[in-house]
Amino acid sequence: MTTTTTPGAADVELVIGGMTCASCAARIEKKLNRMDGVEATVNYATEKAKVTFREDVSVADLIATVEATGYTAKEPAPVRTESGPAEGEREEAADELRPLRQRLLTAAVLAIPVIAMSMVPALQFEYWQWLSLTLTAPVVTYAAWPFHRAAWTNARHGAATMDTLISVGTSAAFLWSLWALFFGTAGTPGMTHPFELTIGRSDGAGNIYLEAAAGVTAFILAGRYFEARSKRKAGAALRALLELGAKDVTVLRADGRELTVPTDELKVGDRFLVRPGEKIATDGTVVEGSSAVDASMLTGESVPVEVAPGDAVTGATLNAGGRLVVEASRVGADTQLARMAKLVEDAQNGKAAAQRLADKISAVFVPVVIGLALATLGFWLGNGSGLTAAFTAAVSVLIIACPCALGLATPTALMVGTGRGAQLGILIKGPEVLETTRKVDTIVLDKTGTVTTGRMTLLAVHTTDTTDEAEVLRLAGALEHSSEHPIARAVADGAAAKVGPLPTPEDFANIAGLGVQGVVDGHAVLVGRENLLGDWAMELTPALKRAKEEAEAAGRTAIAVAWDGEARAVLEVADAIKETSPEAIRRLRALGLTPILLTGDNRAVAEAVAAEVGIDTVYAEVMPQDKVDVVKSLQAEGRSVAMVGDGVNDAAALAQADLGLAMGTGTDAAIEAGDLTLVRGDLRAAADAIRLSRKTLGTIKSNLFWAFAYNVAALPLAAAGLLNPMIAGAAMAFSSVFVVGNSLRLRGFQATV
């Protein structure tokens, strides 16, 4: 999966194998970044490296560097967005956890009786210690083998990681127990060994720590297993996104034949058939038929959208109505579904500043801990406390310090947060976005297509006392239906929606700049500007004139209607405000944001829209190139600015803003420029996006706090000899599970409706 970025540079994503902790990720990242012309970030949670490299560096060179560090690397298989993963891929994914699960079950079954006998003196029969040795041996060899192998690999490369801690700690406990059993007094029949949290001072010859070796291995394997399961759950949203698409499609050939082929064989320009109840195979344009399309699985929008010839449709949405023929406009990685999946994956592969700090700490943490363990051993020995006390305290230090929780704190929260966002139609482009959402205090909203629908709509009908509104709509709508002008389309669509099928006009004529005229049901009808009626010696009544002036004062377009020599009505047409916009503004204010309306429309229109939705500050009649200047001026005032837009003319402002939110219903340029993409096209999603981002950031910070606090608090206790090694192992494993569990709470985030 190599892509070209800037001239002379390319990006590649590598799947990394063999990582067991954040220290591993930090080592690989450090090695890759030492290569000339290479910039890399390695994510432990997703087990991927994102690398930017110069043209004189090859992917093979990158893979060789990773392998020389003691790990494996390969390019990922192409993303199958239309048909989802193949059956074999699903089976492989399902088997990923099998070896770990087998080792965990072995360790748990054998360690439980060892721990029980060590903790309960009543269970310590005459030769219990030798049974404990028999049960523990497979645990510290077979079950703990991945730790020993990784520790040896790292040692060969002059490194120490979390696996070094586990391997040294469990091996030390087991080897000490062997010495005590075979050369000390611990093997004496009838020996008892009470379980204590504190350390009793003795020469150690009668003490064994098999329960520590077996228990620590079992607890850590349990933590790793549940971490792995949790990481798979955290990435479930992305996998579900990739599996939304249709698997097969019925293509229409030039000779009229219908041929069913796999969706990934579609080409741009192919025409394919979508029957009622089928998923649309790829992005395209309707060329035949009309239907209602349910896009809820992709956008979260519950109301089906009516489509007809000329309308664009999106792959993976469901045809809920009639038969459609669609011409493919985007296939494969270019489709909206594929782009959504890529945005989610990119966000999950990124790192926030806080995570970089955690990685740096974990990279030096292990050598420091080993040094602390040796210092602890020396202190207790020098203090005359006996080898047992010294050894036990040192082993506890080694075990309690494993930095699993630090490595998982940020990536798991990012994965769950961005995955949940994707399910709700909120695409977070990168982790740095999360930091920005905390600081934003001002939100600038484009008007057309963001606060409003972006389509001209018939909003009101004013008639004379002797005229029926339905008759006005029927005659005016029939005449406007023959025109292609956006305002005429608004009148025709509005009339058809209210009075049903419209009659066909006769002698239709378009008068440039004024309106249209024709004969409908025997009536000579005029629809257009007031000047058009004046040309036919007709004037608006005082009531109609007043309605026209009020409409124009509110920024709406007023259209006069007359027939049979008399002015009959005034129609109001405008870009309608989205029903959800006022509620969205209230929610944004509740988040502490000050809303500002920014538009190129005239001031009267802008202020009318702002008043209706509850916005106090308006920048109107702003040219596209000047939108950037407005954002800059707000930033110069010390504000942190978010910008919401959907058009090409918003792209520069979206890029300039501290936080850019692009409506997914808008243009590609806007979507590319934004930091967050709101697939639903509902402004309320902006509030949801900021809430989700802030909650994800809060989860990351709470994870990091507890991970750091845990290590800081536990290390002195272990060094002081107050923690049994087995209890230390259980606590260390629990800290990682706690961090992942805290992150998974984000899966319960709900969009407000």
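Not measured: the values here are computed from a predicted model.

Attention shifts here to the overall build of the protein chain. Counting its secondary structure elements, the protein chain contains 27 helices and 27 strands. The buried share of the protein chain, taken over its 753 residues, is 54%. Expressed as a percentage of contacts within the protein chain between residues at least 6 apart in sequence, the contacts between residues at least 24 apart total 69%. Accessible area for the protein chain stands at about 31,300 Å²; split by element, carbon and sulfur atoms hold 57% of it.

Here the focus is the pattern of salt bridges. In total, this model carries 18 salt bridges according to the counting rule given. Asp-446 is paired through a salt bridge with Lys-627; the nearest N and O atoms lie 3.2 Å apart. Here Lys-627 lies in helix α23 (residues 624-636) and Asp-446 lies in strand β16 (residues 442-446), a separation of 181 residues in the sequence. One continuous salt-bridge network, built from bridges that share partners, spans Glu-258, Arg-275 and Glu-278.

What follows deals with the UniProt feature "transmembrane region" (unreviewed entry) in the protein chain. When the UniProt feature table is mapped onto this chain, "transmembrane region" (unreviewed entry) is found at residues 104-121, 127-145, 165-188, 208-226, 361-381, 387-410, 703-720 and 726-744. The span residues 104-121 is 89% helix and 0% strand, and its two end C-alpha atoms sit 26 Å from each other.

What describes a pair of aromatic rings is the distance from one ring centre to the other and the angle between the planes of the rings. Using the criterion set out here, one finds 1 aromatic pair in the structure. Centre to centre, the rings of Trp-130 and Phe-182 are 5.3 Å apart; their planes meet at 80°, and the pair counts as edge-to-face. With Trp-130 in helix α5 (residues 128-143) and Phe-182 in helix α7 (residues 162-183), this residue pair connects regions lying 52 residues apart in the sequence. Take Trp-130: its relative accessible area is 26%, and that puts it in the partly exposed class. Here the basic side chain of Arg-103 rests over the ring of Tyr-142, its NZ or CZ set 4.7 Å away from the ring centre.

To continue, consider helix α4 (residues 98-119). Note that an α-helix has 3.6 residues per turn; residues three or four places apart therefore point the same way. With 22 residues, α4 extends 31 Å from end C-alpha to end C-alpha; this agrees with the ideal 32 Å at 1.5 Å per step. The largest bend along α4 reaches roughly 30° and is located at Ala-111, with the proline Pro-113 sitting one to four residues downstream. Restricting attention to buried positions, one finds in α4 the residues Arg-103, Leu-104, Ala-107, Leu-110, Ala-111, Val-114, Ile-115, Met-117 and Ser-118.

Relative to the assigned elements, Thr-580 resides in the loop between β22 (566-577) and α21 (581-590). A polar side-chain atom of Thr-580 sits 2.8 Å from a polar atom in the side chain of Asp-682. Beyond its immediate chain neighbours, meaning those up to four positions away, Thr-580 contacts Asp-682, Leu-683 and Arg-684.

A few words on the sheet that holds strand β27 (residues 676-678). Spatially, β15-β27-β26-β25-β16-β23-β24 is the arrangement adopted by the 7 strands of the open sheet, whose pairing is mixed. For this open sheet the edge positions go to β15 (426-428) and β24 (617-619), each flanked by a neighbour on one side alone. Adjacent strand axes in the sheet meet at a mean angle of 20° when their direction is disregarded.

Quick look at the environment of Gly-500 now. Turning to its location among the elements, Gly-500 is positioned in the loop between α18 (486-499) and β18 (506-511). The sequence separation of Gly-500 and Leu-473 amounts to 27 residues, and the corresponding C-alpha distance is 9.9 Å.

A grouping of Phe-705, Trp-706, Phe-734 and Phe-738 is seen on the molecular surface, where their side chains present a nonpolar patch of about 470 Å² in accessible area. Residue assignment for the nonpolar patch shows that the elements contributing at least two residues are α26 (684-719) and α27 (725-744). On the accessibility criterion, Trp-706 (47% relative accessible area) is partly exposed.

Unlike most non-glycine residues, Asp-507 shows phi in positive territory, near 50°. Counting through the fold element by element, Asp-507 comes out in strand β18. The phi torsion at Asp-564 lies on the positive side, around 50°, for a residue other than glycine. Relative to the helices and strands, Asp-564 resides in the loop between β21 (557-563) and β22.

Analysis parameters
- Residues numbered from 1 in each chain as written.
- Predicted model: local features only at pLDDT ≥ 70, side-chain atom pairs only at ≥ 80, totals over all residues.
- Heavy atoms only, no water.
- Helix = DSSP H or I, 4+ residues; strand = E, 2+ residues; numbered from the N terminus.
- Buried < 20%, exposed > 50% of the residue type's maximum accessible area, 1.4 Å probe, protein only.
- Contact = heavy atoms within 4.5 Å.
- Areas by Shrake-Rupley, 256 points an atom, 1.4 Å probe, with all protein chains shown as cover.
- Salt bridge = Lys/Arg side-chain N within 4 Å of Asp/Glu carboxyl O.
- UniProt positions renumbered as here; feature names shortened; annotations may be inferred.
- Phe/Tyr/Trp six-rings, centres within 6.5 Å; stacked < 30°, edge-to-face > 60°.
- Lys NZ or Arg CZ within 6 Å of the ring centre and 35° of its normal.
- Expected span 1.5 Å × (residues − 1).
- Bend = angle between axes of the 7 residues up to and from the residue.
- Polar contact = N/O pair within 3.5 Å; in protein donor to acceptor, adjacent residues only side chain to side chain.
- Pairing = 2+ DSSP bridges.
- Axes fitted to C-alpha atoms, helices over the stretch in contact; angles between N-to-C directions.
- Patch = residues over 30% accessible without salt bridge, like charges linked within 9 Å, V, L, I, M, F, W, Y side chains within 5 Å.

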